[in-house]
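Coordinate inspection notes
Listed below, chain by chain, are the residues.
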Amino acid sequence: MARIVVITSGKGGVGKTTTSAAVATGLALEGHKTAVVDFDVGLRNLDLIMGCERRVVYDFVNVINGDASLRQALIKDKRTEGLYILPASQTRDKEALTQEGVEQVLQELSKDFDYIICDSPAGIERGALMASYFADEAIVVTNPEVSSVRDSDRMLGILASKTRRAEQGEDPIPAHLLITRYAPERVDKGEMLSVEDVQEILSIQMLGVIPESQAVLNASNAGMPVVLDDESDAGQAYRDAVARFLGEDRPHRFLTAQKKGIFGRLFKG
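Residues numbered from 1 in each chain as written. Predicted model: local features only at pLDDT ≥ 70, side-chain atom pairs only at ≥ 80, totals over all residues. Heavy atoms only, no water.

In the annotation of an unreviewed UniProt entry, the chain is listed under the name Septum site-determining protein MinD and assigned to Ectothiorhodospira mobilis. In its Subunit (unreviewed entry) section, the UniProt record describing the chain reads: "Interacts with MinC and FtsZ." (UniProt positions renumbered as here; feature names shortened; annotations may be inferred.)

Turning our attention to the UniProt feature "binding site: ATP" (unreviewed entry) in the chain. According to UniProt, the positions carrying the feature "binding site: ATP" (unreviewed entry) are Lys-11, Gly-12, Gly-13, Val-14, Gly-15, Lys-16, Thr-17 and Thr-18. When residues no more than four places from it in sequence are discounted, the contact partners of Lys-11 are Lys-16, Ala-122, Glu-145, Ser-147, Ser-148 and Asp-151. Its location among the elements puts Val-14 in the loop between strand S1 (3-8) and helix H1 (16-29). If we ignore the near neighbours within four places in the chain, the residues touching Val-14 are Ser-9, Val-141, Asn-143, Ser-148, Thr-180 and Arg-181. (Contact = heavy atoms within 4.5 Å. Helix = DSSP H or I, 4+ residues; strand = E, 2+ residues; numbered from the N terminus.)

With that settled, the discussion passes to the packing of aromatic side chains. If you walk through the whole model with that rule in mind, you get 4 aromatic pairs. Centre to centre, the rings of Tyr-84 and Phe-113 are 5.5 Å apart; their planes meet at 80°, and the pair counts as edge-to-face. Linking Tyr-84 in strand S4 (residues 83-86) with Phe-113 in the loop between helix H5 (99-110) and strand S5 (115-119), this pair joins segments that are 29 residues apart in sequence. Under the relative-accessibility criterion, Phe-113 is labelled buried at 6%. With centroids separated by 4.8 Å and ring planes inclined at 85°, the aromatic side chains of Tyr-133 and Phe-134 adopt a geometry described as edge-to-face. (Phe/Tyr/Trp six-rings, centres within 6.5 Å; stacked < 30°, edge-to-face > 60°. Buried < 20%, exposed > 50% of the residue type's maximum accessible area, 1.4 Å probe, protein only.)

This brings us to the environment of Arg-181. Structurally, the position occupied by Arg-181 is in strand S7 (residues 175-182). Look at Arg-181 and you get partly exposed, because its relative accessible area is 39%. Along the primary structure Arg-181 and Ala-234 are separated by 53 residues, whereas in three dimensions their C-alpha atoms are 9.1 Å apart. Discounting chain neighbours no more than four positions away, the residues touching Arg-181 are Gly-13, Val-14, Asn-143, Pro-144, Met-192, Ile-210, Pro-211 and Glu-212. A distance of 2.4 Å separates a polar side-chain atom of Arg-181 from the backbone oxygen of Gly-13. (Polar contact = N/O pair within 3.5 Å; in protein donor to acceptor, adjacent residues only side chain to side chain.)

Looking now at the nonpolar core. Core analysis: the largest hydrophobic core is formed by 50 residues, its most contacted members being Phe-39, Phe-60, Leu-97, Val-102 and Leu-109. When sequence neighbours within four positions are dropped, the list of residues in contact with Leu-109 reads Ala-35, Val-37, Leu-70, Leu-74 and Ile-116. Of all hydrophobic cores here, the second largest spans 35 residues; its members include Val-5, Ala-237, Ala-241 and Val-242. (Core = buried A, V, L, I, M, F, W, Y, C linked by side-chain atoms within 4.5 Å.)

Remark on secondary structure: sheet strands pair via backbone hydrogen bonds, oriented parallel or antiparallel. A sheet is described by the order of its strands in space; here 8 strands give the open sequence S3-S4-S2-S5-S1-S6-S7-S8, paired in mixed fashion. A single partner strand is all that each edge strand has here, and the edge strands are strand S3 (75-76) and strand S8 (205-211). Taken together, the 2 bridges between S3 and S4 define a ladder with antiparallel strand orientation. Along S4, the bridge assignment pairs Lys-76 with Tyr-84. Here helix H12 (residues 233-245) sits on the sheet in contact with S1, S5, strand S6 (137-142), S7 and S8, set at roughly 165° to S8. (Pairing = 2+ DSSP bridges. Axes fitted to C-alpha atoms, helices over the stretch in contact; angles between N-to-C directions.)

Put into structure tokens, the structure is as follows:
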């Protein structure tokens, strides 16, 4: 049976879809057959970041409605062996995601995949609740600023109370913290919360810290998960996060500001 992992946060624009693409690709690179599912009905973006937008014929809602089979809707990634994408519908209403339909699709995926990554939309509307409901684990993505952390804290409350595991009285979904767009220089100036600040507020296990990086935007524009960019700090940080998720003990990097040499100080970088 597959492990179902939801990538979630309360706030939009924190990097959930970037993270979903990176984590799914990272798991596939480690030899785990992985499907990544876009739950953001109406605002589909995962296919753009995965570089397969022109190959979308059928989508998640088509499968739920019986208009297409799961095999027809799944898109095989061209770069990474064992990686498949199930895109969201761009035209349907979010109410199209029924609990019964989502469960059926996830059960069918579970027969063939090791991991199912659920790319949750922002907020706590239907798509986000459906993405979280059947999850076995959660990766909570947050930026190091107060409103983002507060919204992530609320999402932790949702994970603890509005999932199938919560309804059945089972242990809460294990949640991992991923901090994105971290800039140590701004932390030192007091313009951004530190890793310690965020951990103290949310009190969940730290999975990784992704530095603020132009490489993320460049990769998104190129339709490529940034984890494939081995030369970038963000790509390396996502690789580290995936390794930790799989149980490897890796030290956290990119947490402190780089010290500039004498020429850097003279010319301010």
